[in-house]
Amino acid sequence: MRNVHSSSQMVVEIYPEGSAEFPMFSRTQYLSGAQGGLEPGSTVVEVKAHLPGGSLWYNLTGADVQTLRRFSIDHDTGRVTAASRLEPSAIKPYYDFLVSAHNRVDPRKYAETSVSSAATRRAATVILHLSEMSPRCPKFHFSEHFGTVRETSPPDTVVIPSLSVQDLNKFEKLSYQITEDNSNDNFYVDVRSSNVSLRVKKPLDRDSMPPALQGIYTLTVTATNSKCASSVRLRILLEDVNDNSPVFEKNDFIIELNENSPPGHVVAHLTATDRDELDLNKLRYFVIDGKSNDITSITANSLTFGGNIFREENYL
């Protein structure tokens with residue numbers, strides 16, 4: 001019968017008592033955190049232990065296998081890095097594991113530091129906390145825009161050609177709306193293209209604006225994503241157009257005049273108004289019908305008697 005056997009090699013290391021010291025961590029607590037998670041290779045923490053006259057070897061331990069696989073460690077320096085993408089979680093906002101530092105001369109002598117919220121007396125605590133990234137808010141290029149538009153401009157006329165926010169392509173969902181408006185809904189924000197603009201919504205009338213506005217509309221446009229918003233102030237000057245005719249206070253005037261009235265006598269004050277601001281204090285008056293050359297003249301809005309009037313003659 002042939003003999004069946006196997007063999008193995010065993011290495012026995014003998015550590016003389018008192019030949020090595022225990023490592024000691026320099027801190028009793030390590031704190032680490034990140035917003036929005038960590039990418040693979042990102043540093044989580046770098047722990048430090050001391051061993052006078054000795055050499056150290058660091059290792060990860062004290063956690064479940066799934067947790068340990070998410071991290072790696074430089075055994076010589078104690079630098080812990082993310083081995084895979086680490087996402088923040090409301091259920092578990094921190095990771096729990098241990099880092100040990102071993103005496104290379106006598107690996108039985110080691111110290112541990114805990115990456116946990118619950119540490120023992122022999123362990124230094126390291127807390128890795130991951131939180132949600134601060135929301136990225138839209139931001140306009142300027143805090144205020146100025147625009148000019150004529151009151152005869154048709155609907156869809158562009159007033160302000162660009163109202164897009166900075167880094168527009170970094171926002172998946174973005175909405176624009178007019179949140180403050182003293183123009184009586186005369187404008188709208190056009191978002192039909194990537195170049196957001198302000199346009200005329202309906203016919204404009206400078207002459208119907210309240211005098212307190214002095215021809216300037218003030219609007220606020222707000223850009224909003226799913227988490228926050230940003231606003232910009234718009235000031236729109238509505239240019240006046242001479243599109244109204246002067247109007248007398250009444251259509252007919254009846255004037256009584258003595259036939260012996262002296263030349264230069266003021267017969268009447270005639271007042272007309274014009275809704276166009278362009279014509280403010282610029283109206284001129286003319287006599288365009290009747291026998292005005294013999295009996296009347298007009299200066300500013302005063303109709304004066306020119307002399308040589310007789311009752312027996314008809315000046316109608």
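An account of the accompanying structure is given in this report. Computed from a prediction, not measured in an experiment: that's the story for all the values here. (Residues numbered from 1 in each chain as written. Predicted model: local features only at pLDDT ≥ 70, side-chain atom pairs only at ≥ 80, totals over all residues. Heavy atoms only, no water.)

Looking now at the overall build of the protein. Looking only at helices and strands, the protein features two helices and 23 strands. When each of the 316 residues of the protein is scored for burial, the buried share is 35%. Residue pairs at least 24 apart in sequence account for 64% of intrachain contacts in the protein once pairs closer than 6 positions are excluded. Carbon and sulfur atoms provide 50% of the accessible area of the protein, an area that totals close to 21100 Å². (Helix = DSSP H or I, 4+ residues; strand = E, 2+ residues; numbered from the N terminus. Buried < 20%, exposed > 50% of the residue type's maximum accessible area, 1.4 Å probe, protein only. Contact = heavy atoms within 4.5 Å. Areas by Shrake-Rupley, 256 points an atom, 1.4 Å probe, with all protein chains shown as cover.)

Turning our attention to the pattern of salt bridges. With the rule as written, the count across this model stands at eight salt bridges. Put simply, E144 and R235 hold a salt bridge, and the shortest N to O gap is 2.6 Å. Taken together, the positions of E144 in strand β12 (residues 144-150) and R235 in strand β18 (residues 229-239) put the pair 91 residues apart, joining distant regions of the chain. One connected set of salt bridges, linked through shared partners, spans E39, R85 and E87. (Salt bridge = Lys/Arg side-chain N within 4 Å of Asp/Glu carboxyl O.)

As a further point, take the sheet that holds β12. One open sheet holds the four strands; their spatial order is β12-β18-β17-β14, and the pairing between them is mixed. The sheet terminates laterally at β12 and β14 (175-181), the two strands that pair on one side only. Going across the sheet, the axis of each strand differs from the next one's by a mean of 30°, ignoring polarity. Inspection of the sheet shows β14 paired to strand β17 (residues 216-224) by six bridges, in the antiparallel sense. Along β17, the bridge assignment pairs S175 with T224. (Pairing = 2+ DSSP bridges. Axes fitted to C-alpha atoms, helices over the stretch in contact; angles between N-to-C directions.)

The antiparallel open sheet is built from three strands, whose spatial order is β3-β7-β6. Both edges of this open sheet fall to β3 (43-46) and β6 (71-73), since each of them pairs with a single strand only. Between one strand and the next, the sheet's axes are offset by a mean angle of 20°, whatever the strand orientation. With three bridges connecting them, β3 and strand β7 (residues 79-82) associate as antiparallel partners. In the strand pairing of β7, E46 is matched with R79.

In this section: the state of the cysteines. Covalent bonding between the sulfur atoms of two cysteines defines a disulfide. All told, the structure shown has one disulfide when counted by the stated rule. Shown here is the disulfide that connects C137 with C228, its sulfur atoms set 2.0 Å apart. Taking the sign of the S-S torsion, -125° for the link of C137 and C228, the bridge is left-handed. Of this pair, C137 sits in the loop between β11 (123-131) and β12 while C228 sits in the loop between β17 and β18; the two residues are 91 residues apart in sequence, bridging distant segments of the chain. (Disulfide = S-S within 2.5 Å.)

Next up on the list: the packing of aromatic side chains. Throughout the structure, instances matching the rule amount to four aromatic pairs. Residues F71 and Y95 carry aromatic rings whose centres are separated by 5.5 Å and whose planes lie at 75° to one another, so their mutual orientation is edge-to-face. Of this pair, F71 sits in strand β6 while Y95 sits in strand β8 (residues 94-95), and the two are 24 residues apart along the sequence. Each member of the pair, F71 as well as Y95, carries the same accessibility label: buried. Between F187 and Y217, the ring centres sit 5.9 Å apart and the planes meet at 70°, which makes this aromatic pair edge-to-face. Taken together, the residues F187 in strand β15 (residues 187-190) and Y217 in strand β17 connect sequence positions 30 residues apart. Neither residue differs from the other here; F187 and Y217 are each classed as buried. The structure contains a cluster of three or more aromatic residues connected by ring pairs, namely F71, Y95 and F97. (Phe/Tyr/Trp six-rings, centres within 6.5 Å; stacked < 30°, edge-to-face > 60°.)

Moving on, we get to the environment of L128. Along the chain, the position of L128 falls in strand β11. In this structure L128 comes out as buried when scored by relative accessible area, which is 0%. As a C-alpha pair, L128 and Y94 span 34 residues in sequence and 5.3 Å in three-dimensional space.

A separate point is unusual backbone geometry. Even without being a glycine, D185 presents a positive backbone phi close to 60°. As for its placement among the helices and strands, D185 is situated in the loop between β14 and β15. By relative accessible area, which is 36% here, D185 ends up partly exposed. One non-glycine residue, Q214, lies in the positive phi region at around 55°. The residue Q214 is located in the loop between β16 (197-200) and β17 in this model. On the basis of relative accessible area, Q214 is assigned to the exposed category, the value being 63%.

Relative to the elements of secondary structure, H50 occurs in strand β4 (residues 49-50). Distance from H50 to E21, taken between C-alpha atoms, is 10.0 Å for residues 29 residues apart in sequence. The residues touching H50, leaving out its near neighbours within four places in the chain, are F22, P23, M24, S26 and L56.

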